[in-house]
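Examining the three-dimensional arrangement
This is what each chain is made of:
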Amino acid sequence: MPRASFPERYGPWAVVTGASSGIGAEFARQLAARGLAVVLVARRRQRLVALADELAATHGVAVEVVASDLARAGAVDALLDEVSALDVGLLINNAGVSLKGRLVDHDAAVLRHLVELNCQAPLALAHGFGRRLVARGRGGMVIVASTGGFQALPWSAAYGASKGFDLLLGEALAVELGGDGVDVLTLAPGGTDTEGPMNTGVDPRKVPGKLMAVGPVVRAALAGLGRRALVIPGAGNRAAALATRLVPRQVAARAAGRIMRRVTS
Ligand SMILES: NC(=O)c1ccc[n+]([C@@H]2O[C@H](COP(=O)([O-])OP(=O)(O)OC[C@H]3O[C@@H](n4cnc5c(N)ncnc54)[C@H](OP(=O)(O)O)[C@@H]3O)[C@@H](O)[C@H]2O)c1
């Protein structure tokens, strides 16, 4: 029997969190190009509306905008309610924030916000949409982690730990939901050319190798969905991730810390 098409497997609707910029906006563009209707979620409504107009004009797909602060209590439940009438076949669990510098120098509220957005929200989204996908017996979920989650990340300790959480969550769900027809892919990008790293003081000239463009990062993820549980875009990033498994954990942590210090100072 021929393999079902991408829209048959993951359509008709996809929900993309963090769709107002960077990797999330690119997911929305590539999914619309593959014929999926998309729900765009982030805080900056103007940007989402502009992207919605672009996608409708370029690809002729239906687009819904949900302006939401996913770090707020109740936001995920409100989103689940808002899209309850749509037949969602794919969740792109992408919204996230990074944070550089020594943990003890940050306010407790900033650290709490990071955990709410990078851990609590993806968990609640995976749970809420996961139940619906299992009930319909077909669909997919992408969880955006980071190569920063493969080892401790000094000078970005909370971010690295949050991405380790996303990584392990995604890899576990790939096993748990595989028998239910739901493909779960964890995407672990390395440095990628978006607003994210720049907003937290990363100097792109000091990043080892080159920041990847969002296009190939998202293409690699969508090509891997349904075929693999983990995608690390870029040969250099894959080699670095493998290296963390070959040395003692503290050696990996110190090496990652040296890189973080260099790119942020
Ligand atoms: N760029 C990299 O080097 C890199 C590497 C590895 C992993 N990642 C991961 O990739 C994902 C996307 O990051 P990016 O690089 O594309 O960064 P980005 O351009 O800053 O995008 C982050 C997205 O998350 C949204 N967001 C932030 N806070 C939010 C909140 N409270 N509620 C709802 N949405 C919120 C932002 O929209 P609003 O501001 O409009 O809300 C934006 O759409 C993140 O999970 C990040 O950890 C990035």
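As a reminder, the structure under discussion sits directly above these lines.
Residues numbered from 1 in each chain as written. Predicted model: local features only at pLDDT ≥ 70, side-chain atom pairs only at ≥ 80, totals over all residues. Heavy atoms only, no water.

1. Brief notes about the packing of helix H5 (residues 108-136) against helix H6 (residues 157-178)
Packing of H5 against H6 brings their axes to within 9 Å, and their N-to-C directions diverge by 10 degrees. It follows that H5 is roughly parallel to H6 by the angle criterion. Along its contact with H5, which presents Leu 111, Leu 114, Asn 118, Cys 119, Pro 122, Leu 123, Ala 126 and Val 134, the element H6 presents Ala 158, Tyr 159, Ser 162, Lys 163, Phe 165, Asp 166, Leu 169, Leu 173 and Leu 177. Residue composition of the contact of H5 with H6, grouped by class: 13 nonpolar, two polar and two charged. (Axes fitted to C-alpha atoms, helices over the stretch in contact; angles between N-to-C directions. Helix = DSSP H or I, 4+ residues; strand = E, 2+ residues; numbered from the N terminus. Parallel < 35°, antiparallel > 145°, perpendicular 65-115°, else oblique. Contact = heavy atoms within 4.5 Å. Nonpolar A, V, L, I, M, F, W, Y, C, P; charged D, E, K, R; others polar.)

2. Describing the pairing of strand S5 (residues 139-144)
Taken across its six residues, S5 has six buried, putting it largely inside the fold. In S5, alternate side chains face the same way, and those of Gly 139, Met 141 and Ile 143 on one face and Gly 140, Val 142 and Val 144 on the other are all buried. Across four bridges, strand S4 (residues 88-93) lies against S5 in parallel orientation. Among the inter-strand pairings, Asn 93 is bridged to a residue of S5, identified as Ile 143. Where the polypeptide runs from S4 across H5 and back to S5, its parallel neighbour, the crossover connection is right-handed. Of the pairings in the sheet, the one linking S5 to strand S6 (residues 182-187) comprises six bridges and is parallel in character. Looking across to S6, one finds that Ile 143 is bridged to Thr 186. One crossover worth recording links S5 to the parallel S6 by way of H6, and it is right-handed. (Buried < 20%, exposed > 50% of the residue type's maximum accessible area, 1.4 Å probe, protein only. Pairing = 2+ DSSP bridges. Right-handed = clockwise from strand over helix to strand, strands pointing away.)

3. Here we look at the pattern of salt bridges
Tallied over the entire structure, the rule returns seven salt bridges. For the salt bridge of Glu 54 with Arg 29, the shortest nitrogen-to-oxygen distance reads 2.7 Å. With Glu 54 in helix H3 (residues 45-59) and Arg 29 in helix H2 (residues 22-33), this pair connects stretches of sequence that are 25 residues apart. The partner of Arg 136 in a salt bridge is Asp 87, with the nearest N and O atoms 2.8 Å apart. One end of the pair, Arg 136, is in helix H5; the other, Asp 87, is in the loop between helix H4 (75-82) and S4, and 49 residues separate them in sequence. Exposure remark for Arg 136: the relative accessible area of 22% places this residue in the partly exposed category. Members of the salt-bridge network, linked through shared partners, are Arg 44, Arg 47 and Glu 195. (Salt bridge = Lys/Arg side-chain N within 4 Å of Asp/Glu carboxyl O.)

4. Here's the deal with the sheet that holds strand S7 (residues 230-231)
Pairing within the open sheet is parallel, and its seven strands lie in the order S3-S2-S1-S4-S5-S6-S7. Edge strands, defined here as strands with exactly one partner in the open sheet, are strand S3 (63-67) and S7. Most of the contacts of H6 go to S6, to which it runs at about 160 degrees, and overall it touches S5, S6 and S7.

5. Topic: unusual backbone geometry
A cis amide bond links Gly 11 to the next residue, Pro 12, at an omega of 0 degrees. Relative to the assigned elements, Pro 12 resides in the loop between helix H1 (6-10) and strand S1 (13-17). A positive phi angle, close to 70 degrees, is found at Trp 155, a residue other than glycine. Its place among the elements puts Trp 155 in the loop between S5 and H6.

6. Here's the deal with H5
Over its 29 residues, H5 extends 41 Å from the first C-alpha to the last, a length consistent with the 42 Å expected when each residue adds 1.5 Å. Positive backbone phi, approximately 75 degrees, marks Gly 137, located one or two places after H5. (Expected span 1.5 Å × (residues − 1).)

These figures capture arrangement, not role.
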